[in-house]
Amino acid sequence: MNVNRNTHRLSWFQHVLHAYLFFRIPLFNPDRLLHKTLPWVNWAFSRRFFVASAIAGLIGLHFISRQWDIAMATFSETDLLTEVIFISLAMFLTKAIHELGHAYTAIRHGCRVPTIGVAFLMLLPVLYTDTSEVWKLASRHKRLVVAAGGIMAELLLTAWASLIWGALPTGGLKDAIFFIATVSWISTLLLNASPFLRFDGYYLLSDWLEIENLHERAGRLGRWKMREWLLGLGAPFPDASLHDQRVLLIGFAWVTWIYRFFLYLGIALAVYHLFFKLLGMLLMSVEIGWFLVRPVWGELAAWMRPETRVRLNPRVVITFSIFAGLLALTAIPWKIDVQAPALLQRERHVTLHAPVPAQVAERLVNEGETVRQGTPLIRLHSPDLDNHLEVARHKIALLDWKLDFRGGAPALLRRSPVNDKELAIELGQQKELNRQKEQLIVRAPFDGVVVQAGREIIRGVWGGGGEPLLEMTDAQGWQAVAYVREIDLPRITPTSAGVFMPEGIDWAPLPGHITSVAPAGTGFMEEMPLFSQHGGNVPVRRDAQGRWSPTTALYRIEWRPDQAFIQPPHLLRGTLF
């Protein structure tokens, strides 16, 4: 009874796991609709349309090469939610056209299409079309054409989308078309055309080689050759019908294993970051366990079976010696350097702003000048503020007159309490206006160096409230701000040593130490020289509020040099090791 229960539980777990990894939901039978609408789309199968699409694709690629900066900015300047929506819609449209390409091509060659539905691959929905009747076609050429129908439909969509994108002016429609073209290229080249997964490329290769169950049969040859190399079993060739193609199929099997390893590892990491941590870790463990650990464990278990007949021989000794050496290497605490893009700057710096909309009246200091705390830097002039002060002065003078002569006029006497209150209010407003006028003289908040910020400060130029004018930096202290990946964070502590390697100048590395490590990931960044758009190594995107945030999880650290050095004028980009 216990054995049966355990078997039942295991089969239930495997059923749930298979359901999570892949399941299908048939939606409808499109066969009659496809036959009725086929005359409407026959033009898409004409030679003229294919030639026109090829020309459109070449022109589109030319547009993309000429506007590459605009194409890259579409990713960096689109906020995450909009990007997800665009990619989802583009994926739906692309896959719908892909499946219709299969369906209409099958109908044109006399096959039925009994089902169109939705398949869920690791809970991600994708459309699918049942074209299983294609294997009844006697002509291999026709089978290849049907198998390539989806890829051709996506390539045609990509060609015209690229052309339209290049012709459209900048805006939301251009961005949407760009995502359609991008998704089409990626899904066609990396997924559908790949023979290493059971998509169109696999069936094209299988039919072209005229080998059914290509993955399974090539996998048997690959495992046989691997066991011969590693264990020297002397087992007979497993499939005599494939003897002439053994080199091709063994290589194909090994490349498939490598491709799937990195693909499944990438999917596992994506699942981990897509969901909240607990569920992400659980699903990542399922991905790694099912797709990576399970095949390796199964192969190792096969080596232990009696029928494998592993005997002691030089190959076995060499193989297990290498395995033991690799296992020993994992126990050695290898030191791996952490490299982080960094910006060396003054330890204390502040941007000085115009407190109210005002006009530059006089610039009192020059760039690079060292000043003391409280030194006037810029004198601003605000006609609106002067007008408000003049109006307040007249109101106060009038109220003073009314209060001075209230004894000679009964009306003024009766209103004197109100005039007293109004005078107090006006005096308070005058005091606030005078305080604002005093702020029009921008002063140094500390001892430091004046640095030009933003556009050049010219007499008579207007600036709004909060407009940046000058930047003040500390005359003495320096620090570097760096951003490290989440995976490197455990190797860094607030007391770790670090070396700053400047970029673009012939300097010796600067030794120093970490002074602080952010406890949480960086939401928004201000160090623009580190942005990829400005030649840095940190990919960022801009949100609707104009704030810049990294596209991956990064943590801010601060570093301080241990010794004096030749100081740069202001900022210096580099790498922190």
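As the structure is a computational prediction, the values presented were derived from the model and not from experiment.

What counts as what
Residues numbered from 1 in each chain as written. Predicted model: local features only at pLDDT ≥ 70, side-chain atom pairs only at ≥ 80, totals over all residues. Heavy atoms only, no water. Salt bridge = Lys/Arg side-chain N within 4 Å of Asp/Glu carboxyl O. Helix = DSSP H or I, 4+ residues; strand = E, 2+ residues; numbered from the N terminus. Buried < 20%, exposed > 50% of the residue type's maximum accessible area, 1.4 Å probe, protein only. Pairing = 2+ DSSP bridges. Patch = residues over 30% accessible without salt bridge, like charges linked within 9 Å, V, L, I, M, F, W, Y side chains within 5 Å. Areas by Shrake-Rupley, 256 points an atom, 1.4 Å probe, with all protein chains shown as cover. Phe/Tyr/Trp six-rings, centres within 6.5 Å; stacked < 30°, edge-to-face > 60°. Axes fitted to C-alpha atoms, helices over the stretch in contact; angles between N-to-C directions. Core = buried A, V, L, I, M, F, W, Y, C linked by side-chain atoms within 4.5 Å. Polar contact = N/O pair within 3.5 Å; in protein donor to acceptor, adjacent residues only side chain to side chain. Contact = heavy atoms within 4.5 Å. Parallel < 35°, antiparallel > 145°, perpendicular 65-115°, else oblique. Left-handed = near helix turned anticlockwise from the far one by under 90°. Nonpolar A, V, L, I, M, F, W, Y, C, P; charged D, E, K, R; others polar.

Engineer: Sorry, what's going on with the pattern of salt bridges here?
Structural biologist: Note on pairing: side chains with opposite charge can pair once their charged atoms come close. Enumeration over the complete set of coordinates arrives at nine salt bridges. One salt bridge connects Glu 133 with Arg 112, and the closest N-O pair in it is separated by 2.9 Å. Of this pair, Glu 133 sits in the loop between strand E3 (124-129) and helix H6 (140-167) while Arg 112 is found in the loop between helix H5 (80-108) and strand E2 (116-121), placing the two residues 21 residues apart along the sequence. Owing to a relative accessible area of 15%, Glu 133 belongs among the buried residues under this scheme.

Engineer: What should I look at first to understand the pairing of strand E19 (residues 572-576) in this one?
Structural biologist: In regular strands, side chains alternate between the two faces of the sheet. Pairing geometry for strand E4 (residues 340-346) and E19, over five bridges, is antiparallel. From the neighbouring strand, Ala 342 faces E19, where its bridge partner is Gly 574. When strand E14 (residues 497-502) meets E19, the two strands line up antiparallel, connected through three bridges. When the bridges of E19 are listed, Pro 502 appears paired with Gly 574.

Engineer: Would you mind going over a nonpolar patch on the surface with me for this structure?
Structural biologist: Residues Met 304, Ile 318, Phe 320, Ile 322, Phe 323, Leu 326 and Leu 329 make up a contiguous nonpolar surface patch of about 680 Å² in total accessible area. Residue position: Phe 323 is located in helix H12 (residues 314-330). Residue Phe 323 is classed as partly exposed on the basis of its relative accessible area, which comes to 36%.

Engineer: Mind showing me how you'd approach the packing of aromatic side chains here?
Structural biologist: For the coordinates displayed, the defined rule picks out ten aromatic pairs. Consider the rings of Trp 224 and Phe 237, whose centres lie 5.2 Å apart with planes at 80°: the pair is edge-to-face. With Trp 224 in helix H9 (residues 214-231) and Phe 237 in the loop between H9 and helix H10 (246-274), this pair connects stretches of sequence that are 13 residues apart. Among the residues examined, Trp 224 registers a relative accessible area of 18% and is labelled buried. Ring centres of Trp 229 and Trp 254 lie 5.2 Å apart, and the angle between their planes is 55°; on these two criteria the pair is classed as tilted.

Engineer: What am I meant to see in the sheet that holds E19 here?
Structural biologist: Strand pairing in a sheet is mediated by backbone hydrogen bonds. Such pairs are either parallel or antiparallel. Within the closed barrel, the six strands sit side by side as E4-E13-E18-E15-E14-E19. Their pairing is antiparallel. Within the sheet, the average angular offset between the axes of one strand and its neighbour, ignoring direction, is 40°. Pairing analysis gives five bridges linking strand E15 (residues 510-517) to strand E18 (residues 554-561), with the strands arranged antiparallel. Following the sheet pairing, His 513 is matched in E18 by Arg 560.

Engineer: What's the story with the nonpolar core in this structure? I'm lost.
Structural biologist: The nonpolar side chains of soluble globular proteins are, as a tendency, buried together. Val 371, Leu 377, Ile 378, Leu 380, Val 450 and Met 472 are the most contacted members of the largest nonpolar core, which totals 21 residues. Elements supplying a minimum of two residues to this core: strand E6 (358-363), strand E8 (376-381), helix H13 (383-404) and strand E12 (468-474). In this structure, Ala 342, Trp 478, Phe 500 and Leu 576 belong to the second largest nonpolar core, which totals 18 residues.

Engineer: How should the side chain of Glu 133 be read in this particular structure?
Structural biologist: Separated by 2.9 Å, the side chains of Glu 133 and Arg 112 make a polar contact. Discounting chain neighbours no more than four positions away, the residues touching Glu 133 are Cys 111 and Arg 112.

Engineer: How should the packing of H6 against helix H8 (residues 200-209) be read in this particular structure?
Structural biologist: The axes of two packed helices give the description: the angle between them and the distance between them. Closest axis-to-axis distance for the H6/H8 pair is 9 Å, and the angle between their directions is 165°. It follows from the interaxial angle that H6 and H8 lie roughly antiparallel. Remark: the crossing between H6 and H8 carries left-handed chirality. Counted together, Arg 140, Arg 143, Leu 144, Ala 147, Ala 148, Gly 150 and Ile 151 of H6 and Asp 200, Gly 201, Leu 204, Asp 207 and Trp 208 of H8 form the full contact between these two elements. Split by residue class, the contact of H6 with H8 holds six nonpolar, two polar and four charged.

From the geometry alone we can't say anything about function, so treat these as descriptive.
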